[in-house]
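# Chain and residue survey
Spelled out, the chains give:
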Amino acid sequence: MGVKVESAKHIIIFEPWNLGDLIISAYFSRELHTVFGIRSSFICKKECVNWILQQDFVEDVFCFSAPWNREIGKHPFHYNISHILKLKKWIRKKKYDFLWDTRGDLRHKIFLKLLRINNVISIRYPSNLNVYQRVNLLIDRFGGSRIHTREKLANTVKSKRIVLFLDSYWPNRRVPLAVGQKLIERLIQEEFTIRLVLPPGRNYHFIEALLHQSGNESLQRIQGSINEVASVLEDSSLCISTDSAWLHMSFYLGVPAIGLFGFLNANEWAPPGTKIIYPKNPLSARDRYRLRNMDKQPLKHIDIEEVVNMAKSVIG
């Protein structure tokens, strides 16, 4: 690459994976903008476009869905050649200093090389590196002052409003609904207001009964766009979430978080400052992406009282 990071004016971020990965990349871009004044354009999934466009350091976005990030159905015929050619044309029209594959994914590297895209940075990161340090590895290699990983300043007003997310894109990271119901009941007993985030198109069988018992003041059902859920999160004092996008959004917005991890991958994937809770017998990190483990539920063994006590220690 012929330009140093600190002298770049405009870069393209290639992140066609899921929302959590995009939020991490958005954090990198926000810091690069804050420290060096760099503006970014993004290549990402269609469902994330409205959120990323609202960030003031973003110049443009191209929607791209990569078949290789599916759990199943990674067949070559799922590649839309005309759309790929539009992507190539869009990149070539941009005046950019470099294109950064923030994941350092070998498939990304091959794909972009086949498109003959210039000035691509795709770093193979150490396996034990926390994902939030990738931006400093980029700077170390290509010049500039290191960025001190930090949270955005949060609202300092304390409340007992908790955003709770029990779900995940990957089934094996979810909290089983029976366990989630007990957790909600215990948090309500401690007089917390629970804002339960539901994925689009999903509902939980126990919600109506709990709403009837506790009323809308103690339990709120949150289901909307990324921007709508982020707004609720920013108005809360704590997020309790599985290893998912909302854990990263909490860090991005400066909201304290408790991460529920069923696999031993928090050192690599948990945002800085996140309080981590594992079940009694967490599974190894390497097992979380294996299809044969998709139906395992390590978080069924989570200690509910540990979660409640940690929430009390954060916001009283």
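This text gives an overview of the structure that appears in the document. Every residue gets a number counted from 1 within its own chain, in the order that chain's sequence is written. Whole-chain, interface and lining totals are the exception, using all residues; otherwise, since this is a predicted model, local features are given only for residues with pLDDT of at least 70 and side-chain atom pairs are given and counted only at 80 or more. Hydrogens are left out, water is left out, and the side-chain values use all remaining heavy atoms of the structure.

So, on to the overall build of the protein. Helical segments are the DSSP runs of H or I of at least four residues, strand segments are the runs of E of at least two, and each set is numbered from the N terminus. Helix and strand counts for the protein come out as 11 helices and 11 strands. In terms of overall size, the protein behaves like a compact globule, its C-alpha atoms giving a radius of gyration of 20 Å where 316 residues would be expected to give roughly 20 Å. Projected onto its principal axes, the C-alpha coordinates of the protein cover approximately 60 × 45 × 35 Å. We call a residue buried when its accessible area falls under 20% of the maximum for its residue type, exposed when it is over 50%, and partly exposed in between, using a 1.4 Å probe and counting protein chains only. In the protein, buried positions account for 54% of the 316 residues. Of the contacts made within the protein by residues no fewer than 6 positions apart, 64% connect residues no fewer than 24 positions apart. Only the protein chains shown count as cover for residues, with accessible areas throughout obtained via the Shrake-Rupley method and a probe of 1.4 Å. For the protein, the accessible surface area stands at approximately 15,200 Å², while carbon and sulfur atoms represent 49% of it. Here Asp and Glu are counted as negative and Lys and Arg as positive; His is not counted, and neither are the chain ends. Charge positions are represented by NZ for Lys, CZ for Arg, CG for Asp and CD for Glu. Where the 45 positive side-chain charges of the protein centre and where its 30 negative ones centre are 8 Å apart. Note that the radius of gyration is over C-alpha atoms, with the globule rule given as 2.2 Å times the number of residues to the power 0.38. Note on definitions: a residue-residue contact is assigned when non-hydrogen atoms from the two residues lie within 4.5 Å.

This part is about a nonpolar patch on the surface. Patches in this entry comprise residues that are over 30% relatively accessible and not in a salt bridge; like charges within 9 Å are linked, as are nonpolar side chains (Val, Leu, Ile, Met, Phe, Trp, Tyr) within 5 Å. A pairing counts as a salt bridge when a side-chain nitrogen of Lys or Arg comes within 4 Å of a carboxyl oxygen of Asp or Glu. Together, Leu106, Ile110 and Leu114 give the surface a local cluster of nonpolar side chains, amounting to about 350 Å² of exposed area. Of note, isoleucine 110 is situated in helix H4 (residues 106–114). Taking the relative accessible area as the measure of exposure, isoleucine 110 reaches 46% and is therefore partly exposed.

Taking burial as the measure, the six residues of strand E2 (residues 39–44) include five buried ones, the bulk of the element. Here, strands pair whenever DSSP counts at least two bridges between them. Across five bridges, the pairing between strand E1 (residues 10–14) and E2 is parallel. Pairing of phenylalanine 14 across the sheet is with isoleucine 43, part of E2. In terms of strand pairing, E2 meets strand E3 (residues 58–63) through five bridges, oriented parallel. Counterpart to serine 40 in the pairing with E3 is valine 58.

The subject of this paragraph is the sheet that holds E3. Strand order in this open sheet of five strands is E3-E2-E1-E4-E5, and the pairing throughout is parallel. Here the strands that pair on one side only, and so sit at the sheet edges, are E3 and strand E5 (120–121). As defined by bridge partners, E1 adjoins strand E4 (residues 98–101) across four bridges and the pair is classed as parallel. Note that in E4 the partner of phenylalanine 14 across the bridge is aspartate 101. The angle between two axes is taken between their N-to-C directions and runs from 0 to 180 degrees, where each axis is a line fitted to C-alpha atoms and a helix contributes only its stretch in contact. Across the sheet, helix H3 (residues 81–93) lies against E1, E2, E3 and E4, angled at about 160° from E3, the strand it touches most.

Our focus in this paragraph is empty space enclosed by the protein. Using only the protein atoms, space was sampled on a 1 Å grid; points where a 1.4 Å probe fits but cannot get out form cavities, open sets with protein on both sides within 12 Å along at least five of seven lines form pockets, and lining residues are those with an atom within 4 Å of a point. Grid points are joined across faces, edges and corners, and a volume is the space filled by probe spheres set on the points. Summed over all chains, the structure comprises one cavity of 30 Å³ or more. What the largest cavity holds in volume is close to 40 Å³. Lining the largest cavity we find Glu15, Asp21, Ile24, Ser25, Phe28, Thr102, Arg103 and Arg134. It is helix H1 (residues 19–36) that provides the largest number of residues to the lining of the largest cavity, a total of four residues. Class assignment for the residues of the lining of the largest cavity results in two nonpolar, two polar and four charged. When residue character is reported, Ala, Val, Leu, Ile, Met, Phe, Trp, Tyr, Cys and Pro are called nonpolar, Asp, Glu, Lys and Arg charged, and the others, Gly included, polar.

On to the packing of H1 against helix H9 (residues 245–253), then. Remark: H1 packs on H9, axes separated minimally by 8 Å, with the N-to-C direction vectors making an angle of 20°. One finds that H1 runs roughly parallel with respect to H9. Our pair here, H1 against H9, has a crossing hand that is left-handed. Here Leu19, Gly20, Ile23, Ile24, Ala26, Tyr27 and Arg30 of H1 come into contact with H9, specifically with Ala245, Trp246, His248, Met249, Phe251 and Tyr252. Across the contact of H1 with H9, the residue classes tally to 10 nonpolar, two polar and one charged. Roughly parallel refers to an angle under 35 degrees, roughly antiparallel to one over 145, roughly perpendicular to one between 65 and 115, and oblique to any angle outside these ranges. Working rule for handedness: look at the near helix, and if it is turned counterclockwise from the far one by less than a right angle, call the crossing left-handed; if clockwise, right-handed.

Moving on: the nonpolar core. Most often, soluble globular proteins keep nonpolar side chains buried together rather than apart. Working definition of a nonpolar core: buried Ala, Val, Leu, Ile, Met, Phe, Trp, Tyr and Cys residues. They are joined through side-chain atoms within 4.5 Å. One finds Leu32, Trp100 and Met249 to be the most contacted residues of the largest nonpolar core, which totals 59 residues. At nine residues, H1 tops the list of elements feeding residues into this core. Discounting chain neighbours no more than four positions away, the residues touching leucine 32 are Val5, Ile11, Gly37, Ile38, Trp100, Val135, Ile139 and Ile147. Ranked by size, the runner-up nonpolar core spans 33 residues in total, among them Leu166, Tyr204, Leu238 and Val308.

A few words on the environment of arginine 134. Secondary-structure assignment places arginine 134 in helix H5 (residues 134–142). The spatial distance from the C-alpha of arginine 134 to the C-alpha of serine 25 is 9.5 Å, given a sequence separation of 109 residues. Those residues in contact with arginine 134 that sit more than four places away from it in its chain are Phe28, Trp100, Thr102, Arg103, Tyr125, Leu129 and Trp269.

The subject of this paragraph is the pattern of salt bridges. Using the criterion set out here, one finds 16 salt bridges in the structure. For lysine 94, the salt bridge goes to aspartate 60, with nearest N and O atoms at 2.6 Å. Pair noted here: lysine 94 is in the loop between H3 and E4 and aspartate 60 is in strand E3, with a separation of 34 residues, a long-range link. Classification of aspartate 60 as partly exposed rests on a relative accessible area of 24%. Salt-bridge contacts for glutamate 190 lead to lysine 312; the nearest nitrogen and oxygen are separated by 3.6 Å. Note that glutamate 190 is positioned in the loop between helix H6 (177–189) and strand E7 (193–197) and lysine 312 in helix H11 (residues 304–315), a separation of 122 residues in sequence. Taken together, the salt bridges that share partners define one network made up of Arg186, Glu190, Glu305 and Lys312.

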